[in-house]
Amino acid sequence: MSDLPIALADDLDASFPGLVDRMGARIYWGLRRMYNNHHEAEDLAQETFIRAYRALCDYDRSRIEDLDVEPWLWTIALNLGRNNLRNRARRPIYVELGETGGSEPEIVDSRAWDRRFSRLTKNQRNAVVLRHVAGLGTAEIAEVTRRPEGTVKADIHRGLARLRTLMEEEEV
Amino acid sequence: MSIESHLQHLVGELPDGLAEGVALGAGLADGYDLYESPLGKVWVTFNVEGVSSVDLADEAFPERFIERFGRALFRAEAPTAWERHISSAIEAGKPGKLPIDLRSVTPFQEEVLRVASGIPRGEVRPYAWLAHEVARPGAVRAVGSTMARNPVPLIIPCHRVVRSDGRIGAYSLGGAHNKHELLAHEGLEPEWLETLASRHVRVQGNKTTGIFCHPTCHRIRRSKTENVVDLSSAAAARAGGFRACEVCRPV
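Residues numbered from 1 in each chain as written. Chains lettered and ligands numbered in written order. Predicted model: local features only at pLDDT ≥ 70, side-chain atom pairs only at ≥ 80, totals over all residues.

Here the focus is the overall build of chain B. Secondary structure assignment for chain B yields 11 helices and 10 strands. Judged by the C-alpha coordinates and their principal axes, chain B covers about 100 × 30 × 30 Å. Within the span of chain B, comprising 251 residues, buried residues form 43% of the whole. Long-range pairs, those at least 24 residues apart, make up 59% of the contacts in chain B with a sequence separation of at least 6. (Helix = DSSP H or I, 4+ residues; strand = E, 2+ residues; numbered from the N terminus. Buried ≥ 20, exposed ≤ 12 C-beta atoms within 10 Å, placed from the backbone. Contact = placed C-beta atoms within 7 Å.)

Turning our eyes to something else, we now look at the overall build of chain A. Within chain A, the secondary structure is distributed over nine helices and zero strands. Listing the helices and strands of chain A from first to last along the sequence gives α-α-α-α-α-α-α-α-α. Burial status across chain A gives 38% buried among its 172 residues. Counted over contacts in chain A with a minimum sequence separation of 6, partners at least 24 positions apart contribute 69%.

All names here are of chain A. The assigned domain composition of chain A is domain 1 (1-102) and domain 2 (109-172). Across the contact, 11 residues belong to domain 1 and 14 residues belong to domain 2. The set of elements that each furnish at least two residues to the side of domain 1 that touches domain 2 consists of helix 2 (12-35) and helix 5 (69-82). (Domains from an automatic or database assignment.)

All names here are of chain B. Segmenting chain B into domains produces domain 1 (18-92), domain 2 (105-199) and domain 3 (200-251). When each unit is reduced to the centre of its C-alpha atoms, the spacing between domain 1 and domain 2 is 23 Å. Listing elements by their share of the side of domain 1 that touches domain 2, those giving two or more residues are strand 3 (50-56) and helix 4 (80-92). Looking at the side of domain 1 that touches domain 2, the element that brings in the most residues is strand 3, giving five residues.

Next up on the list: the sheet that holds strand 3 of chain B. Residues and elements named next belong to chain B. One open sheet holds the four strands; their spatial order is 3-2-1-4, and the pairing between them is mixed. Taken across any chain shown, the strands that pair with only one partner, and hence form the sheet edges, are strand 3 and strand 4 (72-75). Within this sheet the neighbouring strands show an average axis-to-axis angle of 35°, counted without direction. Sheet analysis places strand 2 (residues 40-47) next to strand 3, joined by six bridges and oriented antiparallel. Pairing of Val44 across the sheet is with Val54, part of strand 3. Contacts between helix 4 and the sheet are confined to strand 1 (29-37), strand 2 and strand 3, with strand 1 contributing the most and set at about 50° to the helix. (Pairing = 2+ DSSP bridges. Axes fitted to C-alpha atoms, helices over the stretch in contact; angles between N-to-C directions.)

This next bit is on the sheet that holds strand 8 (residues 211-213) of chain B. All names here are of chain B. Overall, mixed pairing links the four strands, which are arranged 9-7-8-10 in an open sheet. Strands at the two margins of the open sheet, each flanked by one partner only, are strand 9 (228-231) and strand 10 (243-244). Alignment of strand 7 (residues 203-206) against strand 8, held across three bridges, turns out to be antiparallel. Across the sheet, the residue bridging to Gly205 is Phe212, located in strand 8.

One can find Gly175(B) in the loop between strand 6 (161-162) and helix 8 (176-185). Put simply, Gly175(B) and Thr208(B) are 33 residues apart on the chain and 40 Å apart in space, counted from C-alpha to C-alpha.

Time to look at the environment of Ala161(A). Along the chain, Ala161(A) falls in helix 9 (residues 149-171). For the pair Ala161(A) and Asn123(A), spaced 38 residues apart in the sequence, the C-alpha separation amounts to 14 Å.

Given below as C-alpha cells:
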C-alpha cells in the first residue's frame, strides 16, 4: 500500500491499473452495501476511478506521494454518490458488463447482509461499511463523510448494535 | 464469529469489465468493434478523444494496434452517439461529425489528412495537389508517407489520393487492389484512370467555358465530351488560354 503513491507519481499510466486491481473490489463492494444495487455500485466505482485518474494527471509529484489513497478514493466515491451522478464525467465507452458483478463473497450470505443493512439509517450504514468492509479508521471516515468523529463512532456503534439485534431476531 | 469479522468478508471479487471500463474511460485503453465497409468487415477502434483507427479484420490486428499506438485494447461498443456516425463515415468516405483521434500523427500530417478529408466521393487528387493545398508544394513525398500512415483509412479517404503521374498507386489498407475496389465502388473506373495516366493526361479543359479541371472533377465530368480537351499539365492548360477551376484547383 505504502509504495503505491510513489509508483503513481513515477509512472501514472503504468501503475494506475494496479490501483484498480488493489482497491477496485473494496470500493465496489463497499458501494454495493451502501446502495444495495449492482448497477449503481458499478457505475459509481467505475466513475470514481476515472475521476481519480484525471485528478492524478493534474497533481504534482509531492501531492501524489502524500496521498492517503484509499480515503481519498472514498471521498471521490461519496461525493459522486451525493451528487447522484448528475455531474458525471464524459464516459462514452461501454464494455459489456456482467449482470451479477462477479462472484459474491463465499462464506457469508450476501443477500441476508443486504437485507440487514437496509434496516440501518444511511449514516449508520455508510459508517459501518467504511469502518468494517472498507477498513478505514474512524478519523478517516469523519473526513470522508464530513461528519464529526464522535458522531461517526456513535453511528458505527449503533449500526453494529442494530445488526446484532437483527441477527439475533433471525435465529429465533 | 464476531459481527466485525463477518463484515470484513463482505468483499467479493472485482466485477467483470470494471477494470476495462476504467481503462477506457481514463483513456488508457481503446475499445474496438467490427463494422461493415465496402471492403467487408473492418475493426474500428475508439477512445475518449474519438475514433483512433480503422484496420483489416484479421487475426494480427490487436498486435498491430498495440505496436503502433502503445495502448491496451478491449472489445467494447462505441458511444451510442458515435455508432451511427461511424457506419455513415465509412460508407461516405468522410469523417463528417465523427470525432477523430489524430494524436498519433504530426501537426503537418494532421493538416494533410484534414485536407484529404474534403476530396469528394468519386473523385481523386494527386499527391502534388495535396502538397500544394497545405502550402508545402515541395513536400510531395511527405504527403505520400502521410497517406501510408493514415490511422483511419476509409473514413479519411486516402484511397482518393493518387500518384502525381495519375497512376492509382499503393494503398495502406491491404494493398492496391483494395484501392481499385473502393474507387470502383464510388463509380470511378480504375481502368479509365490508368488509361489517362498512360496517355499523360493530367488535366482536362472545357473549350466552351475555358476552364480546366482534374479529370475526375464533377465540373468537367458534366461537360459534353466534344468540348473536353486532354492536357498534359496545368502549365500547358494555362499556355492554351485555360484558367483553373476554383472547385478542384488543379495543379
